[in-house]
Amino acid sequence: MVYDPQEIELRWQKEWSDAGVFEAEIDESKPKFYCLEMFPYPSGHMHMGHVRNYSIGDAMARFQRLMGKNVLYPMGYDSFGMPAENAAKKDGGHPNDVTHSNISSIRSDQERMGYSYDWRRFLATSNVDYYRWNQEMFLILNESGLIERRMAPVNWCVDCDTVLANEQVKNNRCWRCGLEVVQRDMAQWFVRMTEYSDELLDELDRISFPENVKAMQRNWIGRSHGAHIDFPVIDSDSLIGVFTTRPDTIFGATFVTLSPEHPLCEELCLGTEWEQQWRNLRDECAKMSEFERINMLKEKKGVFLGRHAINPMNGEKIPIYAGNFVVASYGTGAVMAVPGHDQRDFDFAKAYNLEIRQVLQENEELAPTSPPVRAFEGYGPMINSPVEGFDGLSGDDAKNAVINALEVKKHGYGTVEYRLKDWLLSRQRFWGTPIPMIHCKSCGVVPVPRENLPVELPLDVVFSEDQSGNPLESHNSFVQTNCPSCGGDAKRETDTMDTFYDSSWYFMRFCDAKNETSPFNREVVDYWMGDGVDLYIGGIEHAVMHLLYARFFTKFSRDAGMNEVGEPFSRLVCQGMLNAPAPYCVDCNSEYHVDNFDLDCPSCGKPLSRRQAKMSKSLGNTVSPEEMISRFGADTVRLFILFGANPEAGMEWSDSALEANHRQMFSLIDAVDSAVGLSDYPSDIDDWLMSRMRASQEKWIEVMSDVSLREGVMISHFEMLSDWNWYLRRGGRDRVTAMTFLKGWIPMLAPATPHIAEEFWRKVGHADILAKLVMPILEPNPGDTLVLALENFIKKIISSGRNLRTLAERHSDNEITKVVIQTSPQWKKDLASEAIKLHKDDFDFKEKGQSHVKSLEAFKDESTRGEVFQTWNSITIGGKKTRGRIHTWLDGEREIISKGINEAEVIKDNSDFIASALEVESVEVYVAGEGEDVGGKSRISFPLEPGIAFV
RNA sequence: GCAGGGGUACCCGAGUUGGUCAAAGGGGCCGGACUUAAGCUCCGGUGCUUAGUGCUUCAUGGGUUCGAAUCCCAUCCCCUGCACCA
């Protein structure tokens, strides 16, 4: 067969599409399987990361169809967002145009790969038929009390001219452009996601996410249990509320520290001699760069604010400081400082000469008099408590005792704090979903009534480079409207939504993508989303934000009665990184652009070596999918991607491996070619091939079900091919056997290489499309283990024979022409079957083996007694490093022995093959003792391990 | 610093409920068959040693065990995330 992947692949893609084989509808008679990939932002072309993501998903979708599942496998685009807006600005167009041309380009790339999407469910979040449901969801959120508008200091990126969410700020820099972020106070829209903090955290224990994702989410939610304690300020009505996880150290608090941004700071020191240094500290902290911050971490800095507070537990007067290490946004932005038991407070106290007091005992031996050199941060019994009833308590008892006392005195209470913040939803950008709210002078903020949705983005906006701010603000016909409640003049909200909002429920919309009356129908979503999306595949970069928002959305919509399920994704697979070689300097520990291959390090001048680095534009080590497809075809690229590494592992790009996978395609084609056109010619090896096929299929289904695609491909595209070649080599050439084998094998080729599999399927005479097939699951045959074991026996003889032959050549003066095989004598086999019988009943060979062998018939002959004993031992006990054979024989091997199968006969039946494999003219075989003991090998002969001599 | 994941032969990579493990599979390399030749395909070899034995190997050093790549302890190194979170 001539292999022209370009022709074959396009042809089958058209057939699939014409037949609509991937279109899924609800079918209660089948188990459903919802296979989903994180939908892409349409940025021009598909890159290799996409190829990997979708090749994994498509293989699983196709596999599950073969397994008879009703598979939902949709694709759409997360098409709102800044790149389109920026591109429009640059070229003076509209983001809508840019977006649509990008979508059609990436879609055609995906189609060229042959992914089996149900394209009828296509959606793009920037299309009004999607985002109008964003607005509807927003109204529902609002009605559920989960929307809030409040002033907030926001992270502002001057360059991108936008607000950034906390999680879009990395080390005080914009995640997109890297510019330093500044703070600005604005009225903002929030989604009160923190209402669900506990459920989002607790349910992590029950869902099948990778450990690192769970860890990141736990970390992000950051729940900690502790106490809120109010410290009254002396000569003031103000209270300093602090949050602590260590109320058991309350008596060790020797000062209070506020974050420099804390509103109380100014109040306390205003107009005093302390004011200026506080202002200095605050300003310094506000504009610290990432680099400075990291250095600052080492040095605790602070200023006294000139005032004191009262420790409510012991009435003690303690100074109030502002400190650079207190985080304004966590807890209350104020801490009680316990230098004896917190290292940061300890460092601070050392620097400012404050009292360090130990109120927990570290261990009994340690003399409490010696001045401490560090804080003891562990738990221990309370000591030195100035109030009765606390000394001696430790851990949770101590904490609870303090919390109880605080609650009695009404100076505090036990509480829980979270690191998770409400979701800042609003963006001052054009290319997003307009927030459906109206500002009326008399009625305030009024939601847009449902019947007036959608609030559409105007298409008559012209973008240009020098433009700043949100073009919606200056678009009069958009802004000017009437108040829905009083009818008076009003203005539309011009903020749009964070694009993470769009991707927070798209998986439910996919279930019912064409619904024109609601975001989705409940029954439809309950069917497809039952137990969540069955397999969700995407990048680790969405571990926190997207996945957390999506989990939140599913819970909120569940509570709003829209769906049953509370966790959207039951199994998450995060595909590993794609790496490719890049120039690397060992000394500087840095990677350079591929232009520097074989040059010297640009910074230190030493010769560059190379190493694998994440594929990236900046290193230039990317590989173009289009180029690879045009050279090798989609099937080869898919095979390489799936066989190169398991989905979650990192993967190295290798041109030679890709070429090798392409050659593998030729091997497969050759194999199928050799199978068609055979005639009826049954032989003994037919059974073996059938047994192998059954075993392979069983194993394949097992590993594929577990998304171990690499192992699956190894079976379907490598092992089964080797089996076929072995079959041919062993003289197999039966038409019926070959056809049965192909019928079982070809479907297994489809998940990874669907086009060539279809081609094969048609070639062996099936008129129907393979993609429609539900694969018949083969029942294992009771004789399989024996058949496989017998063939294995031959293989082992050949492999040890080959090894021995090279050794024999050194010892032989003459040309080797013959192999003499002496199989195990009957008495050894008898010992072996005896041991197998005993082993089945858990006989204790160590304890009773010796006395047992002495009772056996074979032991009676004194001349062979020693040999019998030795054989018995190697069967049952084994030597120092090897266990007795009884433990290592496989089921089939035990069967050969206990059924008394004649090894010599088996070898004789295959002697031609053995002779050719061992490159000898003839094979002589007999049971040891029944012929000449050539080379003294009869002693070595053992059940299943005959003595082999070359002469 | 904290958390998660790792370190396996020339390279990638499987194997981690202890024995069937000198360790799957692939790449590369070497050799053979086929072919006029190339390509493609097929077969074999790829730690050292040896008529089937023995030795040294799974980051390093200890330990448990009759027996460890696999279990325990310590150390070193790499990746990823969070980072003064009270």
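What you see is a predicted model, and the numbers here were worked out from it, not measured in a lab.

Conventions and cut-offs
- Residues numbered from 1 in each chain as written.
- Chains lettered and ligands numbered in written order.
- Predicted model: local features only at pLDDT ≥ 70, side-chain atom pairs only at ≥ 80, totals over all residues.
- Heavy atoms only, no water.
- Core = buried A, V, L, I, M, F, W, Y, C linked by side-chain atoms within 4.5 Å.
- Buried < 20%, exposed > 50% of the residue type's maximum accessible area, 1.4 Å probe, protein only.
- Contact = heavy atoms within 4.5 Å.
- Patch = residues over 30% accessible without salt bridge, like charges linked within 9 Å, V, L, I, M, F, W, Y side chains within 5 Å.
- Areas by Shrake-Rupley, 256 points an atom, 1.4 Å probe, with all protein chains shown as cover.
- Salt bridge = Lys/Arg side-chain N within 4 Å of Asp/Glu carboxyl O.
- Lys, Arg positive; Asp, Glu negative; His and termini not counted.
- Charge placed at Lys NZ, Arg CZ, Asp CG, Glu CD.
- Helix = DSSP H or I, 4+ residues; strand = E, 2+ residues; numbered from the N terminus.
- Axes fitted to C-alpha atoms, helices over the stretch in contact; angles between N-to-C directions.
- Left-handed = near helix turned anticlockwise from the far one by under 90°.
- Pairing = 2+ DSSP bridges.
- Near = heavy atom within 4 Å.
- Polar contact = N/O pair within 3.5 Å; in protein donor to acceptor, adjacent residues only side chain to side chain.
- Nonpolar A, V, L, I, M, F, W, Y, C, P; charged D, E, K, R; others polar.

### Considerations on the nonpolar core
Core analysis: the largest hydrophobic core is formed by 136 residues, its most contacted members being Met 48, Trp 653, Trp 700, Trp 724 and Trp 745. Setting aside anything within four residues of it in sequence, one finds Met 48 in contact with Leu 578, Met 615, Val 623, Ser 624, Pro 625, Met 628, Val 637, Ile 641 and Trp 653. Core analysis: the next-biggest nonpolar cluster, separate from the first, contains 64 residues, Phe 39, Phe 500, Cys 511 and Met 529 among them.

### Section: a negative patch on the surface
Where like charges cluster on the molecular surface, the negative patch consists of Asp 684, Asp 687, Glu 905 and Asp 909. For Glu 905, the location among the structural elements is in helix 31 (residues 903-909). Taking the relative accessible area as the measure of exposure, Glu 905 reaches 38% and is therefore partly exposed.

### A short note on unusual backbone geometry
Looking along the chain, the bond that leaves Leu 453 and enters Pro 454 is cis, with omega of 0 degrees. Here Pro 454 lies in the loop between strand 18 (444-447) and helix 13 (476-479). Even without a glycine there, the phi angle at Asp 235 is positive, about 60 degrees. You can see Asp 235 is positioned in the loop between strand 8 (224-232) and strand 9 (239-244). Owing to a relative accessible area of 72%, Asp 235 belongs among the exposed residues under this scheme. Unusually for a residue other than glycine, Asp 531 sits at a positive phi of about 60 degrees. In this structure, Asp 531 sits in the loop between helix 16 (522-528) and strand 22 (535-538).

### Quick look at the packing of helix 3 (residues 82-91) against helix 4 (residues 95-113)
Each pair of packed helices can be described by the angle between their axes along with the distance between the axes. Relative orientation of the contacting elements helix 3 and helix 4 amounts to 115 degrees, with a least axis distance of 8 Å. The handedness of the crossing between helix 3 and helix 4 is right-handed. Seen from helix 3, the contacting residues are Ala 84, Glu 85, Ala 87 and Ala 88; seen from helix 4, they are Pro 95, Val 98 and Thr 99.

### Observations regarding the pattern of salt bridges
The tally for this structure, following the rule as stated, stands at 54 salt bridges. A salt bridge links Arg 631 to Glu 627; its shortest N-O distance comes to 3.5 Å. Here Glu 627 and Arg 631 lie together in helix 18 (residues 625-632), a separation of 4 residues that amounts to about one turn. Take Arg 631: its relative accessible area is 45%, and that puts it in the partly exposed class. On the basis of relative accessibility, which here comes to 39%, the residue Glu 627 falls in the partly exposed class. Taking the shortest distance from any N to any O, the salt bridge between Asp 768 and Lys 772 comes out at 3.5 Å.

### Some points on the sheet that holds strand 10 (residues 255-258)
Strands sit in the order 11-12-10-13 across an open sheet of 4 strands; the sheet is mixed. Of all the strands in the sheet, just strand 11 (302-310) and strand 13 (334-337) have a single pairing partner and so form its edges. Neighbour to neighbour, the strand axes of the sheet diverge by 25 degrees on average, direction disregarded. Looking at chain direction, strand 10 and strand 12 (residues 317-323) are connected through 3 bridges and run parallel. Each residue of the ladder has a partner; that of Leu 258, found in strand 12, is Ala 322. Sheet contacts for helix 11 (residues 343-352): strand 10, strand 11, strand 12 and strand 13; angle to strand 12, the most-contacted strand, approximately 100 degrees.

### Here's the deal with the protein's contact with RNA strand B
Around RNA strand B, the surrounding shell holds 50 residues, and the nearest of these are Thr 244, Thr 245, Tyr 330, Arg 344 and Phe 950. Protein-adjacent atoms of RNA strand B, using a 4 Å cutoff, are sugar or phosphate at a proportion of 58%. Take Ser 656: an N or O atom from its side chain is 3.1 Å from a sugar or linking oxygen of RNA strand B. Arg 663 is positioned with one of its backbone polar atoms (N or O) 2.7 Å from a phosphate oxygen of RNA strand B. Going through the elements one at a time, helix 7 (211-221), strand 9, helix 20 (655-675), helix 22 (709-729), helix 25 (784-811) and strand 30 (947-950) are the ones with two or more residues in the surface near RNA strand B. For the surface near RNA strand B, the class distribution of residues is 23 nonpolar, 12 polar and 15 charged.

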